[in-house]
Amino acid sequence: MRGPSASRAALRFVLLLGAVSLFADLVYEGSRAILGPYLAALGAGAFAVATVTGFGELLGYALRLVSGRLSDRTRRPWPITISGYAVQMAAVPLLALAGSWPVAAALIVLERAGKAMRNPPRDVMLSHAASRIGYGWAFGLHEALDQAGALLGPLAVATILALREGAFRLAFAALAIPAALTLSLLALARLVHPRPEHLEVGPTHLDTEGLPRAFWVYLGAAALVAAGSADFPLLAFHLQREGVFGATWIPVLYAVAMGASGAGALAVGRLFDRHGIRVLVPLTVVTAAYAPLAFLGGPWAATLGAALWGLGMGVHESVVPATVAPMVRPGRRASAYGIFTAGYGLAWFLGSAAMGALYGASVTLVAAFAVALELAAVPLILAVRVPPRRAADRTTEPGR
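Quick caveat: nothing in here was measured; it's all calculated off a predicted structure. (Residues numbered from 1 in each chain as written. Predicted model: local features only at pLDDT ≥ 70, side-chain atom pairs only at ≥ 80, totals over all residues. Heavy atoms only, no water.)

As a further point, take helix α4 (residues 64–74). Along α4, the positions that sit buried rather than exposed are R64, S67, G68, S71 and D72. Buried positions in α4, seen along its axis, are confined to an arc of 130° and lie on one side of it. Exposed side chains of α4 directed beyond 90 degrees from the buried face belong to V66 and R73. Residues of α4 that are buried make contact with α3 (46–62), α5 (77–94), α6 (101–133) and α16 (333–359). Among the residues trailing α4, R75 stands out with phi positive, at a value near 55°. (Buried < 20%, exposed > 50% of the residue type's maximum accessible area, 1.4 Å probe, protein only. Helix = DSSP H or I, 4+ residues; strand = E, 2+ residues; numbered from the N terminus. Arc of directions from axis to C-beta. Contact = heavy atoms within 4.5 Å.)

As a further point, take the pattern of salt bridges. On inspection of all chains with the given rule, the structure shows six salt bridges. As a salt-bridge pair, R122 and D123 come within 2.8 Å of each other at their nearest N and O atoms. R122 gets classed as buried once you look at its relative accessible area, which sits at 6%. We note a salt bridge from R333 to E200, for which the minimum N-O separation is 3.3 Å. One end of the pair, R333, is in helix α16; the other, E200, is in the loop between α9 (176–192) and α10 (213–227), and 133 residues separate them in sequence. Taking relative accessible area as the criterion, R333 reaches 0% and is therefore assigned buried. (Salt bridge = Lys/Arg side-chain N within 4 Å of Asp/Glu carboxyl O.)

The next subject is the confidence of the model for the protein chain. With 93% of its residues at a pLDDT of 70 or more, the protein chain shows a mean pLDDT of 86. This model gives residues 203–208 a pLDDT under 50, and the stretch forms 18 contacts once residues within four places in sequence are excluded. Taken as a whole, residues 387–400 scores under 50 in pLDDT and shows 40 contacts with residues more than four places along the chain or in a different chain. (pLDDT = per-residue confidence, 0-100.)

Here α6 crosses α16 at 130°, and the two axes come no closer than 9 Å. In terms of orientation, α6 lies oblique with respect to α16. Considering how the two elements wind past one another, α6 and α16 form a crossing that is right-handed. Of the residues in α16, those in contact with P120, D123, V124, S127 and H128 of α6 are R333, A334 and Y337. (Axes fitted to C-alpha atoms, helices over the stretch in contact; angles between N-to-C directions. Parallel < 35°, antiparallel > 145°, perpendicular 65-115°, else oblique. Left-handed = near helix turned anticlockwise from the far one by under 90°.)

Our focus in this paragraph is the side chain of R122. Relative to the assigned elements, R122 resides in helix α6. Contacts of R122, omitting those with residues within four sequence positions, involve L17, S21, T81, Y85 and H142.

Our next topic: the nonpolar core. What tends to happen in soluble globular proteins is that the nonpolar side chains get buried as a cluster. Counting 126 residues, the largest nonpolar core has F172, Y218, F232, Y290, F295, W309 and F340 as the members making the most contacts within it. If near-sequence neighbours (up to four positions away) are discounted, F340 is found in contact with F215, Y218, L219, A222, V320 and V324. (Core = buried A, V, L, I, M, F, W, Y, C linked by side-chain atoms within 4.5 Å.)

Here we take up the environment of G338. Its place among the elements puts G338 in helix α16. For G338, a relative accessible area of 0% puts it in the buried group. Here the alpha-carbon distance between G338 and L65, two residues 273 residues apart in the chain, equals 4.2 Å. Aside from chain neighbours lying at most four places away, what touches G338 is Y61, R64 and L65.

Structure (structure tokens):
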């Protein structure tokens with residue numbers, strides 16, 4: 001497929017998968033907005049909340065090693081992607097039936113495992129389309145739609161809790177509706193685009209066999225950012241315990257964070273295509289302020305801190321696949337995503353566990369720990385050498 005029609009098809013594919021992600025995020029981000037208070041209501045403490053959510057992230061990212069490798073070996077990304085979404089969309093509504101925090105914890109981990117299964121093959125399919133329209137733009141657009149769902153989900157949950165205070169189970173059960181829409185749109189995407197690899201433009205990549213040095217340097221930077229990013233359930237636990245926000249307002253705060261995340265991803269995606277990875281440097285410095293604002297401030301400071309937290313997460317999560325894609329040839333891309341996100345998840349788990357342990361000693365220590373790790377990533381970002389990638393630069397297509 002060549003020319004303008006190929007670019008239009010690529011954009012349609014990105015938008016369709018973006019719609020899938022919108023409803024999927026509405027489901028699982030809606031649930032994550034109330035996991036902290038829900039686990040607390042079931043009897044979990046701060047360390048348990050931080051460890052459960054951190055371990056869920058660890059396992060979820062580690063399993064991407066398996067799904068990424070499997071996708072590269074089988075060259076069949078769709079079955080793996082669909083299976084992962086099915087597991088994830090089933091786990092969240094089942095939280096309504098959890099009778100204890102260990103049962104809820106098991107479902108939280110299962111949801112993360114489902115996400116792990118589907119992300120590497122899905123991101124590879126997106127990267128094929130992104131080679132046509134710009135890596136930063138494609139992944140930024142997808143992340144913006146993704147975060148639109150992440151904004152709507154917490155607002156929907158907040159509405160339910162406002163109408164029926166403490167109705168956590170009803171909120172989880174209601175998320176079965178967007179879960180069904182997610183799977184329906186995914187089936188449509190599979191029907192319309194059964195072979196997304198046909199969208200790929202002949203890529204220029206930095207390596208011919210293995211993973212380049214830039215890949216590992218960037219992984220180190222992303223790991224530091226991940227370790228310094230508190231899980232939102234821990235933030236929610238703190239804000240509710242200190243009386244900064246009540247349980248009804250916590251999902252609204254999460255929606256603010258997700259709105260900032262989506263807007264940031266869309267804007268930075270364009271900037272990434274023009275200027276490369278260094279756009280992350282000032283953003284990382286600014287977003288590091290989320291920790292003292294959220295952990296040490298009052299309502300307005302905590303709201304700004306949550307927005308900065310969301311901005312940092314959205315920007316890094318959209319730039320990661322956009323940066324890795326041109327480094328690695330298409331046949332190894334899913335494995336590269338799996339390796340990268342496994343390291344990212346391990347760092348996230350260790351950082352979350354450390355913050356949970358420090359929380360009992362001093363909230364100020366938690367904030368200082370987070371800021372120090374975020375800022376430590378800046379020199380490594382500066383050391384990454386990846387040229388800017390514009391859609392207009394890629395004029396060589398297969399067969400030409």
